[in-house]
Amino acid sequence: FMQWRDQRMRDAKPSTVVRELSLMQTAIDRQLGDETNASENPVRHVKRPRIDDRRERRLTDHEWQQLLDAAGACLNPLMRPLLVLARETAMRRGELLSMEWRNVDLDACTLLLPKTKNGYARLVPLSPRAVAVLAELPRTDDRVLPMTTNAVRLAWQRLRARAGVDDIRLHDLRAQAATDKLLDG
């Protein structure tokens, strides 16, 4: 398995190799049965390659304006509010899409996320800009942004191309939000 790992590293990224080793380990664990046999799994003893997936990409003010302009021209009128809320709140895409109006308190400038990626509830402070965006949205659904993950993914691809900012990810807006807070603070 170590030889396989070394060979595979010539053709694939470390994250792919780690994922494939994990799949092999799981398959062998299931074949071995109970956990008392788990130490017999040879894949468990193979050192995983180090994954360096850090991103230092931040938007310039011009790029942000290009994205906003492209979102304004988007067929989906919820893309622009989604972008602004992503940058203002540092929320993940899944958190943005699962927001419900019953958890939004515009008077207290907070939003409750009852379930997050780590399994715990989180209270998100809302900036004045986030409050303004939320106040303008129609309340036609229980969810604040009633869109599917796939609709957002496709719209984001088109929007980035239209804005000419191909190398930015939606998730990068989370880091941008943190950077903005540091610069403002």
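Provided above is the structure to which this section pertains.
This section reports on the structure supplied with the text. (Residues numbered from 1 in each chain as written. Predicted model: local features only at pLDDT ≥ 70, side-chain atom pairs only at ≥ 80, totals over all residues. Heavy atoms only, no water.)

This part is about the sheet that holds strand β1 (residues 104-105). Reading across from one edge, β1-β2-β3 is the order of the 3 strands in this open sheet, with antiparallel pairing throughout. Here the strands that pair on one side only, and so sit at the sheet edges, are β1 and β3 (122-125). Judged from the 2 bridges that link them, β1 and strand β2 (residues 110-113) form a sheet pairing that is antiparallel. When the bridges of β2 are listed, Asp-105 appears paired with Thr-110. (Pairing = 2+ DSSP bridges. Helix = DSSP H or I, 4+ residues; strand = E, 2+ residues; numbered from the N terminus.)

Moving on, we get to the packing of aromatic side chains. Following the criterion strictly, the structure yields 0 aromatic pairs and no others. Positioned above the aromatic ring of Trp-64 is the side chain of Arg-87, whose terminal nitrogen or guanidinium carbon lies 4.6 Å from the ring centre. (Phe/Tyr/Trp six-rings, centres within 6.5 Å; stacked < 30°, edge-to-face > 60°. Lys NZ or Arg CZ within 6 Å of the ring centre and 35° of its normal.)

With 15 residues, helix α7 (residues 149-163) should reach 21 Å at 1.5 Å per residue; the first-to-last C-alpha distance of 21 Å fits that figure. Among the residues making up α7, those that are buried are Val-152, Ala-155, Trp-156, Leu-159, Arg-160 and Ala-163. Taken end-on, α7 shows its buried residues confined to a sector of 135°, consistent with a single buried face. The secondary structure elements touched by the buried residues of α7 are α3 (61-72), α4 (79-89) and α5 (93-98). Immediately downstream of α7, the backbone of Gly-164 shows phi near 75°, a positive value. (Expected span 1.5 Å × (residues − 1). Buried < 20%, exposed > 50% of the residue type's maximum accessible area, 1.4 Å probe, protein only. Arc of directions from axis to C-beta. Contact = heavy atoms within 4.5 Å.)

Bringing the nonpolar core into the picture now. In terms of nonpolar packing, the biggest core is built from 41 residues, with Leu-67, Met-79, Leu-82, Leu-83, Met-99 and Leu-145 touching the most fellow members. For this core, the elements supplying multiple residues, two or more each, are α3, α4, α5, β2, α6 (128-136) and α7. Sort the elements by how many residues they give to this core and α4 lands first, with 6 residues. Counting 5 residues, the second largest nonpolar core, distinct from the first, contains Ala-12, Val-17, Leu-21 and Val-46. (Core = buried A, V, L, I, M, F, W, Y, C linked by side-chain atoms within 4.5 Å.)

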